[in-house]
Amino acid sequence: MTQLSVQTTDVPADGAAPPIPPEAGKRPARRSTDPRGQAGPVGRVLRVLGLTVASVVFIYPFLWLISASLKPSQDVFDNALIPHVWQLKNYVEIWHAVPLLTWIGNSVAVTLAAAVTVTVSSAVVAFGFAYFRFPGRNVLFALVIGTMMLPSVVTMVPQYLIWNWLHLASTQIPLWAPNLFGSAFYIFLLRQFFLGLPRELFEAARIDGASYWTMFWRIAAPLCRPALIVTFIFEVQASWTDLVRPLIYLRDPNLYTVPRGLKAVLDQFGDGGEMRWEVVCAASVVVTVPMIVAFFVCQRHFTEGIATTGSKG
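Predicted model, so just to flag it, every value in this text is computed and none were measured.

Undergrad: Before we move on, can you summarise unusual backbone geometry with the specific residues and values?
TA: With a phi angle near 65 degrees, N79 is a residue other than glycine that sits in the positive phi range. In this fold, N79 is placed in the loop between α2 (40-69) and α3 (89-97). The class of N79 is exposed, set by a relative accessible area of 53%. In this model, H167 sits at a positive phi of 60 degrees, which is unusual for a non-glycine residue. Checked against the element boundaries, H167 lands in the loop between α6 (156-165) and α7 (173-176).

Undergrad: Give me the packing of aromatic side chains: which residues, what numbers.
TA: Within the structure shown, the criterion is met by 19 aromatic pairs. With 6.2 Å between their ring centres and 35 degrees between their planes, W64 and F77 make a pair best called tilted. One end of the pair, W64, is in helix α2; the other, F77, is in the loop between α2 and α3, with 13 residues separating them in the sequence. Judged by relative accessible area, F77 falls into the exposed class, the value being 55%. Measuring from centroid to centroid gives 5.6 Å for Y131 and F202, while their planes differ by 65 degrees, and the two rings are edge-to-face. Placement of Y131 in helix α4 (residues 100-131) and of F202 in helix α9 (residues 199-207) is noted, with a sequence separation of 71 residues between them. By way of ring pairs, the aromatic residues F127, Y131, F132, F194, F202, Y212, W213, F216 and W217 are connected into one cluster.

Undergrad: Got a sec to walk through the nonpolar core? Specific residues and values, please.
TA: Y91, I94, V98, L100, W103, I104 and V265 are the most contacted members of the largest nonpolar core, which totals 34 residues. Those elements giving two or more residues to this core turn out to be α2, α3, α4, α11 (225-240), α13 (258-269) and α14 (277-297). Examining the composition of this core, we find that nine residues originate from one element, α14, more than from any other. Core analysis: the next-biggest nonpolar cluster, separate from the first, contains 27 residues, F127, F193, L228 and V230 among them.

Undergrad: Talk me through helix α10 (residues 212-223); I want residue IDs and the actual numbers.
TA: With twelve residues, α10 extends 16 Å between its outermost C-alpha atoms, agreeing within 8% with the 16 Å of an ideal straight helix rising 1.5 Å per residue. Within the sequence span of α10, burial applies to M215, F216, I219, A220 and A221. Summarising the contacts, the buried residues of α10 are in contact with α4, α8 (184-195), α9 and α11.

Undergrad: Run through the environment of A113, naming residues and quoting values.
TA: Assignment of secondary structure puts A113 in helix α4. Measuring from C-alpha to C-alpha, the distance between A113 and N179 comes to 8.8 Å, with 66 residues separating the pair along the chain.

What counts and how
Residues numbered from 1 in each chain as written. Predicted model: local features only at pLDDT ≥ 70, side-chain atom pairs only at ≥ 80, totals over all residues. Heavy atoms only, no water. Helix = DSSP H or I, 4+ residues; strand = E, 2+ residues; numbered from the N terminus. Buried < 20%, exposed > 50% of the residue type's maximum accessible area, 1.4 Å probe, protein only. Phe/Tyr/Trp six-rings, centres within 6.5 Å; stacked < 30°, edge-to-face > 60°. Core = buried A, V, L, I, M, F, W, Y, C linked by side-chain atoms within 4.5 Å. Expected span 1.5 Å × (residues − 1). Contact = heavy atoms within 4.5 Å.

The structure is reproduced here in structure tokens:
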């Protein structure tokens, strides 16, 4: 009698399930969806080359400005990045010719005042539009956004008449005080952040007896810090480079900001003046360096805020 051998799997005596092979628990490898991983070496080389070219295009004007500020008058426009004759006295001369340090101090004071006021005021208004529910809210918000379509030159004369009536037209106050009422662009930006916050946080705070100001200052503002930092940096750049309002309001050279002072330097040493462009370039370098330093100091917060802004959209 022939015996048939049947191959059976080993079953544990206690009736437990058989062990799972190691390969069975592994998930199939997924293909990478990162375009950087699919580009290959040629794509990476092209990317680096493109970024290098773009960097040179943006950096070259500033390098030319530095080079021109170190040249004598006859060599300013020779387009050579390395001066044939180094003339460091251009920087010494500009410091003695005009009160450059005073202008920089004025710009720092006006810029900080403008950035702080517009950040706080815009955040308060944006929180109101995001949290409160009231009739006509969307219409009122649309009117606020619609003010961005109004050119700033339209309101220059009315604003000047108001400040002149207040006897403040020849001071630095008109350069930053309008920011106490917020900015439509910053209100829109911050409102989008506040709308992304869970409303349950504020409801729980209200149950605990928190006021509206406490909810804004203790909950909303810390959670939206990247957006507030971006707003602050944007306004610092805008206020530091603003020339129109200083030209309208400032008459005393001791009250000049950096852009208004550069205009005075251009009138004195540039076209129509002494035609000493190397001195103008030296002054331009001096007033540009603070913005570059501020950018590198705030670069991490700036990129974080921009990335968070994109994720909120």
